[in-house]
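Next come the chains, spelled out residue by residue.
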Amino acid sequence: MTRVSVKVDGTNYEDEVEPRLLLIHYLRDRLGLTGTPVGCDTSNCGACTVDLDGESVKSCSVLAVQADGGEVTTVQGLAGEDGEWTGLQRAFHERHALQCGYCTPGMIMAARDLLRDNPTPTSDEVRHALEGNLCRCTGYQNIVRAVLAASGQEVGT
Amino acid sequence: MIPPAFEYARPADVDEAVRALADAGEEAKVLAGGQSLLPLLRLRLAFPELVVDVGRIAELRGVREDGDSLVIGAMTTHHDVIRDPLVRRHAGLLAAATATVADPAVRHRGTLGGSLAHADPAGDLPAVVLAMDGELVAQGPAGRRTIPARQFFVDYLQSALEPDELLVEVRLPKTDGWGFHYEKFHRVAQAWAIVGVAALVRRDNGRVAEARVGLTNMGTTPLRATATEEALAGAGDADAVARAAESAAVATQPSRDTSASPEYRAHLARVLAKRAVLAAAGMG
Ligand SMILES: Cc1cc2nc3c(=O)[nH]c(=O)nc-3n(C[C@H](O)[C@H](O)[C@H](O)COP(=O)(O)OP(=O)(O)OC[C@H]3O[C@@H](n4cnc5c(N)ncnc54)[C@H](O)[C@@H]3O)c2cc1C
Ligand code: FES
Ligand code: FES
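1. Observations concerning helix H1 (residues 14-24) of chain B
Residue and element names in this part refer to chain B. What H1 keeps buried is the set Val14, Ala17, Val18, Ala20 and Leu21. Taken end-on, H1 shows its buried residues confined to a sector of 160 degrees, consistent with a single buried face. When the buried face of H1 is taken as reference, the exposed residues oriented beyond 90 degrees from it are Arg19 and Asp23. Residues of H1 that are buried sit in contact with strand S2 (28-31), strand S3 (50-53), strand S6 (135-140) and strand S10 (166-173). Capping of H1 at its N-terminal end is provided by Asp13; its side-chain oxygen lies 3.3 Å from the backbone amide nitrogen of Asp15. Among the residues trailing H1, Gly25 stands out with phi positive, at a value near 65 degrees.

Listed below in structure tokens is the structure:
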């Protein structure tokens, strides 16, 4: 067992974990933060994307012990204290950027990572930024539109 | 899936990491960015007894100049390589090729050293470092040694590193004034190259003075397209470049898999070599 201390969505945690425990399993099974899903076994789908120390990562491809001393933000940590959504979350809702919703936490975390760096991306830049996130339902069009809308740009319907 | 159980060490410096590797013998694995190792563990394709996490060793990160070379720490992430001003100025081919690797989240974790040590012939960066005539610096219990890229890639997923050696840095001769291009053919975004071609061209009076061409996924290791390189010397127009590219698949042994037959890979190598060299020579 190895001791880890991590801050997740603003709360500090201290735990003993097996070194083989993946960050995604730590978040879901130990902390009960099931808002972040697992979609694959091959690090391809991006459903599990969270922020680790200010950068998007696939939490199925990081060990919990690698996050020791770090700060994690999951999709559950985005809304304000009063539960109010961020502009990006609202845009996903308003633009119908989801159907089953399985990819949505990862899409939002990946899009958030893009907008931090590039506040007004082109549609092409949005597509490239989301290349590590698979959606089996929407065909991506509304996801791209939602990200563009969240960046304050005009988008058609 | 859940990885198999292993012991975990997080050394603070290179000496401590090498000691941990030496003590564990063949049963230890270095953990860099984990973007190849963790998927392997999850699929239970690797069973190390000890994982040595070198992620906190500050001396392994960063880029510096050393005369005519650029020295890049093994733990420098893909993301940092792409943005580094020294890399962009003196090793543009590496920056351009790294931008095609995987996706942003993987690039935040994955490292240059990990990509090279992994020695996957489908990886983009081995062929680039080979084309750049790079050198890899390894540290083991007996000290440091420098391995030319031409000797580093031994076989499929096999590098010249000994089990108790850590790759510490990559030295690239600066390519100021050279044109460069990485041409990657993949089926979908965020996929490995079916074939990739890395081209570096130095021009003189509108002609190709010198060219170096690296091939991704055309054998069990990255390769140099030597026949094409020789045929390119003196090429003055697009037709001459196209003729030289015809020999890009000479002396290669491309594999067969669900994406491509060896014949198709050979065809791709010729087409992509032409595109890559034309772009690098500014004739495209
Ligand atoms: C979804 C996905 C898509 C990808 N697409 C591409 C792609 O298109 N092109 C591409 O090139 N790569 C791709 N990759 C791989 C990616 O580039 C990895 O970052 C890289 O292969 C390994 O780097 P790492 O730092 O993550 O190494 P790790 O996974 O930590 O290690 C890989 C191997 O190298 C060894 N190792 C690592 N560092 C050292 C060192 N300093 N000394 C000695 N041994 C060491 C480890 O023991 C292990 O065997 C992809 C990965 C994923 C998950
Ligand atoms: S669960 Fe698919 S990338 Fe992490
Ligand atoms: S909404 Fe179903 S996978 Fe994207």
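Structure shown, so let's carry the discussion forward.
2. Points about the interface of chain B and chain A
Counting residues at the interface gives 32 residues for chain B, matched by 31 residues for chain A. Counting across the interface, chain B meets chain A through five salt bridges. Across the pair Asp117(A) and Arg83(B) runs a salt bridge, and its minimum N-O distance is 2.7 Å. Counting every contact that joins chain B to chain A gives 11 residue pairs in polar contact (both at pLDDT 80 or more).

3. A few points about the sheet that holds strand S13 (residues 207-216) of chain B
One key point about sheets: their strands pair by backbone hydrogen bonds, in either a parallel or an antiparallel sense. All names here are of chain B. Spatial ordering of the open sheet is given by S11-S12-S13-S14, a layout of four strands whose pairing is antiparallel. Edge positions in the sheet fall to strand S11 (179-185) and strand S14 (223-224), since each has one partner strand and no second. Both S13 and S14 contribute to a ladder of two bridges, which runs antiparallel. Bridging from a neighbouring strand, Gly214 pairs with Arg224 of S14. Sheet strands in contact with helix H8 (residues 124-131) are S11, strand S12 (195-204), S13 and S14, and its direction is about 150 degrees off that of S13.

4. A few points about the nonpolar core
Residue and element names in this part refer to chain B. One finds Ile72, Val87, Leu94, Leu116, Val128, Met132 and Leu172 to be the most contacted residues of the largest nonpolar core, which totals 37 residues. Here this core takes five residues from H8, the largest share from any one element. If you count residues domain by domain, this core takes at least three from each of domain 2 (63-173) and domain 3 (179-280). Setting aside anything within four residues of it in sequence, one finds Leu172 in contact with Asp68, Ser69, Leu70, Ile72, Ala91, Leu94, Val129, Met132 and Gly134.

5. A short note on the packing of aromatic side chains
This model, assessed by the stated rule, comprises one aromatic pair over all chains. Consider the rings of Phe152(B) and Phe153(B), whose centres lie 5.1 Å apart with planes at 85 degrees: the pair is edge-to-face.

6. With respect to the site of ligand 1
Residue and element names in this part refer to chain B. Near ligand 1 there are 32 residues, and of these Val30, Gln35, Ser36, Leu37 and Thr111 occur at the shortest range. At a separation of 3.1 Å, an oxygen atom of ligand 1 approaches a polar side-chain atom of Lys29. Contacts to ligand 1 include Ser36, whose side-chain N or O atom sits 2.6 Å from an oxygen atom. Burial of ligand 1 by the surrounding chains reaches 95%, relative to a free accessible area of 970 Å².

7. Overview of the pattern of salt bridges
Pairing is possible between side chains that carry opposite charge, provided their charged atoms lie close to one another. As enumerated under the stated definition, the model contains 24 salt bridges over all chains in all. Of the charged contacts in the structure, one is a salt bridge between Arg64(B) and Glu169(B), with a shortest N-O distance of 3.4 Å. Here Arg64(B) is found in strand S4 (residues 63-66), whereas its partner Glu169(B) is found in strand S10, with 105 residues between them in sequence. One salt bridge in this structure joins Arg145(B) and Glu165(B), with 2.7 Å as the shortest N-O distance. With Arg145(B) in strand S7 (residues 143-148) and Glu165(B) in the loop between strand S9 (158-159) and S10, this residue pair connects regions lying 20 residues apart in the sequence. Relative accessible area serves as the criterion here: at 34%, Arg145(B) is assigned to the partly exposed category. Connected through salt bridges with shared partners, the residues Asp51(A), Arg112(A), Asp113(A) and Arg116(A) form a single ionic network.

8. A closer look at the domain arrangement of chain A
Residues and elements named next belong to chain A. Parsing chain A into structural domains produces domain 1 (2-77) and domain 2 (87-150). When each unit is reduced to the centre of its C-alpha atoms, the spacing between domain 1 and domain 2 is 21 Å. With 18 residues of domain 1 in contact, the opposing surface of domain 2 contributes 13 residues. Both faces considered, domain 1 and domain 2 share a buried interface measuring about 1,100 Å² in area, 54% of it formed by carbon and sulfur atoms. Considering only the surface of domain 1 that becomes buried against domain 2, Thr49, Asp51 and Val75 emerge as the three largest contributors, covering 36% of it. The interface formed by domain 1 and domain 2 includes two salt bridges. Among the salt bridges present, the one from Arg116 reaches Asp51, with a minimum N-O distance of 2.7 Å. In this structure, the connection of domain 1 to domain 2 is made through nine residue pairs in polar contact (both at pLDDT 80 or more). Listed by contribution, the elements that provide at least two residues to the side of domain 1 that touches domain 2 are strand S3 (49-52) and strand S4 (55-58). Considered class by class, the residues forming the side of domain 1 that touches domain 2 number six nonpolar, nine polar and three charged.

Conventions we followed
- Residues numbered from 1 in each chain as written.
- Chains lettered and ligands numbered in written order.
- Predicted model: local features only at pLDDT ≥ 70, side-chain atom pairs only at ≥ 80, totals over all residues.
- Heavy atoms only, no water.
- Buried < 20%, exposed > 50% of the residue type's maximum accessible area, 1.4 Å probe, protein only.
- Helix = DSSP H or I, 4+ residues; strand = E, 2+ residues; numbered from the N terminus.
- Arc of directions from axis to C-beta.
- Contact = heavy atoms within 4.5 Å.
- Polar contact = N/O pair within 3.5 Å; in protein donor to acceptor, adjacent residues only side chain to side chain.
- Salt bridge = Lys/Arg side-chain N within 4 Å of Asp/Glu carboxyl O.
- Pairing = 2+ DSSP bridges.
- Axes fitted to C-alpha atoms, helices over the stretch in contact; angles between N-to-C directions.
- Core = buried A, V, L, I, M, F, W, Y, C linked by side-chain atoms within 4.5 Å.
- Domains from an automatic or database assignment.
- Phe/Tyr/Trp six-rings, centres within 6.5 Å; stacked < 30°, edge-to-face > 60°.
- Near = heavy atom within 4 Å.
- Areas by Shrake-Rupley, 256 points an atom, 1.4 Å probe, with all protein chains shown as cover.
- Buried area = accessible area lost by both parts, 1.4 Å probe.
- Nonpolar A, V, L, I, M, F, W, Y, C, P; charged D, E, K, R; others polar.

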